[in-house]
Amino acid sequence: MNQKRFIKTKVATSLSLILGATALPAISAEEVSQAEDSVEVITVTGMRSSIKESTRLKRDASGVVDAISAEDIGKFPDTNLAESLQRITGVSIDRDNGEGSKVTVRGFGPDYNMVTLNGRTMPASSLPGGGGVSNSRAFEFSNLASDAVKSVSVYKTGRANTATGGIGAVINIVTGKPLDNPGTHVSVGAKALIDTSNRVGNDVTPELSGLFSWTDDEEKFGASLSINSQKRDSSTSGAFVNEWRTSLYDGTIPQAASDIQLINEPDIGQVYSMPSDLRYFISDQERERTNAQLTLQFRPVEALTATLDYTYSKQDTFQARAEQSIWMDVYKTSLGFDDQISTTPVDFNEERRDQAPRDLGLALQELNQVNENDSIGLNIQYDVNDYFTLTFDGHSSSAESAPDASYGSWVNTGLGANIVAGQSVDYSKEYPIMHVDFDDCDERRGLNCNGILDQDDVGTSILDMRASSQKTEIDEFRVIGAYQFEEGSIEFGIESRSMESHSIQSLTRHTMGNWGIENPGELPDNYLTPIDFTSEINDFDKSGAFNQGFTGSASQVGEWAAGAYGFDFIANGAAATNRTIKEDITAAFFQLDLAGELGGRPYNISAGLRFESTDITSSANVALPNAVAWEGNQDFNVRFGEGMQDFSAKAGYDHILPSFDFDIEVIDNVVTRFSFSKTIARPTYDQLSAAAADVSGPSAPTTLPGAQLGTASSGDPGLVPLESDNIDLSAEWYFDDTSYVSIGYYEKRVSNFAGRQPVVENVYGLRDATAGPRAQAAMLALAELGEELTDSNLFAMVAATENNVDYFSMPAEQFEVDYDVMPNSDDPLMDFTVTKFVNNKEAKINGFEIAVQHFFGETGFGIQANYTTVSGDVGFDNNADPKITQFALVGLSDTANLVLMYEKDNFQARLAYNWRDDFLNSQARYINEPAYTEEYAQIDFNVAYQVNENMSVFIEGINITGEDTRIHGRTAVQLWNLAEQEARYAIGARYTF
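Residues numbered from 1 in each chain as written. Predicted model: local features only at pLDDT ≥ 70, side-chain atom pairs only at ≥ 80, totals over all residues. Heavy atoms only, no water.

Asks: Would you mind going over the overall build of the protein with me for this structure?
Replies: Counting secondary structure elements, the protein contains seven helices and 48 strands. Whereas a compact globule of 993 residues would reach a radius of gyration of roughly 30 Å, the protein reaches 30 Å, a difference of no more than 12%. The C-alpha extent of the protein, read off along each of the three principal axes, is 100 × 55 × 50 Å. Counting only residues that meet the buried cut, the protein has 60% of its 993 residues in that class. In the protein, once contacts between residues fewer than 6 apart in sequence are set aside, the share between residues at least 24 apart is 75%. Accessible surface, the protein: about 36300 Å² in total, of which carbon and sulfur atoms supply 52%. The centroid of the 71 positive side-chain charges in the protein is displaced by 6 Å from the centroid of its 145 negative side-chain charges. (Helix = DSSP H or I, 4+ residues; strand = E, 2+ residues; numbered from the N terminus. Rg over C-alpha atoms; globule rule 2.2 N^0.38 Å. Buried < 20%, exposed > 50% of the residue type's maximum accessible area, 1.4 Å probe, protein only. Contact = heavy atoms within 4.5 Å. Areas by Shrake-Rupley, 256 points an atom, 1.4 Å probe, with all protein chains shown as cover. Lys, Arg positive; Asp, Glu negative; His and termini not counted. Charge placed at Lys NZ, Arg CZ, Asp CG, Glu CD.)

Now the structure itself:
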């Protein structure tokens, strides 16, 4: 049988080591296995030994814990820790550019899981694509290589001595320490990374790593240094839609031709969605990642150990992106709807008729940012006597994401070619098929009429630059006391944690050739490279798609445009977001662990209580928007003045968080567990914002039918954390030291979810130029002239009247080039749909976890398999009125893993299959529209051969079948995003001295 034992000698040293590595109660990977008179250090070597160690961690832990242990330092087989964690029961991951990024546990997304490094709370910072501001608390695992990592444990049940913030789980990363592995050890490794998706960079890029660990002969001093440097070049291509505009059918289609044909017309009152556009894209990315960790230890006497460690990571990311797009406009001539209850025009057709050809969008974009993490910590462990240990642990850590170019973190250089005389899309296919009626001969456009799309047809439009940054800092210290006695232990402590997160976002906009692409052929020769956008699509039917476009450098075009149009190519716009969130947390805890026998069977009880007090300060200093400029038919730009305004608010809350774990070995090697705990997770940063942000204009003139109001968001610093009452029941049969079968049930009853409450109201006194006297007069004038009321004609008439220009003197598109319409005091206040957050939702999540692990005797073959179900009682109703804001649980999906292993003599192999079912990832992708990530499965492998005692060689494969990702809306045909991905491989060697 397996019973935890508490002894009176040497145990204080072992406990202090554990407490120094982590404040978590479960045993770390470097925990010692104790006997009466000696401490035996477990040495982890091969793959089977690694699994034996992680099995021991799971069996001996209080509560529900799963772990991964490295075969040896630096031998995690995956690209980063997120990809390793996905093998654990109940853990699934988000991927960015095909690589593991963030972690979801039991249906709770990245914001609701706490990540700690050696028990210390880690700050998080990352910027979303497109130059947005980060609102997330989620830790970005792609910043962190795995070379210095000894083990990773996932604690699924709450504990009193664990830092709060993780409802799904607390994920603790444990690094190696020199005094735990005495002597001198040197290890160097090299990989050749082969990314088969790469298009323009290097197909083969290097990864170099090294580890040095040393202790003196007396084991009083120790030092270790690990370094990892990796470069990766990759590409992806696909398609996306910006907006699905959903409403209830009233018998009319906005901006339809008078003779429109409706096939399978929706019923009156039926939910239907209209697309705003279709865009193809190609993205090339360069990523350089550097990690380093330095650890110094000093043990002058056996009872005292001091550890100073410094962890650093840096990730430079550059992304060049090109798009080919059409934007839906007027004269919808034929719409063929599908048979879904929430219906979609899968056969979508528009003509230009008497209007000149409009632009084919050919935007170029660049993302250029750097992420840096710093953490320095001091841990002092003192064994007062054989029974009592005191531990002090403090650290100061920061995570920063910042622009890495003069144009900020992101630039969008608008380009276009006025060659679209008509457009249509077949949305019924997984990869929507875009059709364009090509016309470069219309005299009103003045193109070269050679029948092909070339650089002479292309001109500039609008240049946008965003400068976004986020820096999060955490200062934390803990004082922990632990007293051992014959039947168990008492642990108590106090903790102080201060967090400050500062986010900035600005937008700088310059007009180049304007929305109408007024200067075709203006770019210098060879600035653009023709490309077939569908040439990179291999996994989907693309037959018949219009595929002509260009790649190029957004910054090169931007630099040229700055000189040509007289502006500075520098992101120096007013800060639309300048937000600081501060949290000061004070906590105290008490935990009692007991071991004994009940009916002759060994049991363990752990009961604890944590008190925590939190003070919040939310402040913002933002440039106030002073106008929503009407720049074209559907084009609006929020402009800012020079005035700044401060917003500030304070709040606070207290929590008492109990925890209880009980396990008993009911028969030999069969352990049953019961756990109850109360945990919390704090609101995201945008939910705590003190000022309205993300202000954007309407989708069309608000006087026209079907127009969506502009949007804004507003937080509430007084929001309280989510609170979860958690119950776990499980049974585990350990029939060998590397073999077990387990089944568990979990339930989480969560309250205080921050529901989205939309309110139609004005913000910052902004006015609506599309609904005032000028717009009303223009509507009457168009009616008198017999002109159709479209957004383009309405804009042209307002601009013509305001500037004393004959309406018929130029095409409507030329008015968009020459004029902007600014609101004035006669215009009414503009209404916005302002999303506010309120603690008004609760939900229940439950499910089962089933796992099996076994090595088949001495054959060398082994298997790991697990399956997790996740169910929630709040889902999204795809057929509900789109004006109703819905609350729904996101991230809920079943997951499964199957790993086949072989280890014999000097040969190791692993084949891993990971599957995640489809799930709701957002209930507000656009206004109130849902987004579902489709089912995804991936196969990876790792093969290694130990050439001799010092040298090993290996080959790895990630996503070897090239699985793709796809996200859709209310139905599968409502594509949000599709990204085609390819396999990547690594060939490498490691030499250990």
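Asks: What am I meant to see in the environment of Val241 here?
Replies: Position of Val241 relative to the elements: it lies in the loop between β12 (221-240) and β13 (244-248). C-alpha separation for the pair Val241 and Ile664, spaced 423 residues apart in sequence, amounts to 54 Å. Once residues lying within four places of it in the same chain are set aside, the contact partners of Val241 are Ser276, Asp277, Leu278, Tyr427, Leu975 and Trp976.

Asks: How should I be thinking about unusual backbone geometry in this particular structure?
Replies: Glycine aside, negative phi is the norm for most residues, and most peptide bonds take the trans geometry. Despite not being glycine, Tyr331 shows a phi value in the positive range, around 55°. Take Tyr331: it is sitting in the loop between β17 (304-327) and β18 (332-337). Positive phi is not limited to glycine here, since Cys449 has a value of about 55°. With respect to the secondary-structure elements, Cys449 resides in the loop between β24 (433-438) and β25 (458-485). Overall, Cys449 belongs to the partly exposed group, its relative accessible area being 42%.

Asks: In this structure, what is going on with the pattern of salt bridges? I would like to understand it.
Replies: Between side chains of opposite charge, a pair can form as their charged atoms come close. Applying the stated criterion to the full structure yields 54 salt bridges. The partner of Arg352 in a salt bridge is Asp329, with the nearest N and O atoms 2.9 Å apart. You can see Arg352 sitting in the loop between β19 (345-351) and β20 (358-361) and its partner Asp329 sitting in the loop between β17 and β18, a full 23 residues away along the chain. What emerges from the salt-bridge pattern is a single network uniting Lys58, Asp66, Arg106, Lys156, Asp728 and Glu849. (Salt bridge = Lys/Arg side-chain N within 4 Å of Asp/Glu carboxyl O.)

Asks: What am I meant to see in helix α5 (residues 773-785) here?
Replies: Spacing of three or four residues puts side chains on the same side of an α-helix, whose turn is 3.6 residues. Under the 1.5 Å per step criterion, the end-to-end length of α5 is 18 Å for 13 residues, consistent within 8% with the ideal 18 Å. Of all the residues in α5, the buried ones are Arg774, Ala775, Ala778 and Leu782. Seen from one end, α5 has its buried residues packed into an arc of 90°, which puts them on one side. Residues of α5 that are exposed and point more than 90 degrees away from the buried face comprise Leu780, Ala783 and Glu784. Each element contacted by the buried residues of α5 is listed here: α6 (791-802). Two residues or fewer past α5, Gly786 is found with a positive phi of approximately 75°. (Expected span 1.5 Å × (residues − 1). Arc of directions from axis to C-beta.)

Asks: Please clarify how the sheet that holds strand β9 (residues 170-175) should be interpreted in this entry.
Replies: Paired through backbone hydrogen bonds, the strands of a sheet run either parallel or antiparallel to each other. Read from one edge to the other, the open sheet built from five strands follows the order β3-β8-β9-β6-β7, with strand pairing classed as mixed. The open sheet has two edge strands with one neighbour each: β3 (65-69) and β7 (120-121). Bridge count for strand β8 (residues 149-155) against β9 is six bridges, and the pairing is antiparallel. Looking at β9, one finds that Ser151 is bridged to Val174. (Pairing = 2+ DSSP bridges.)

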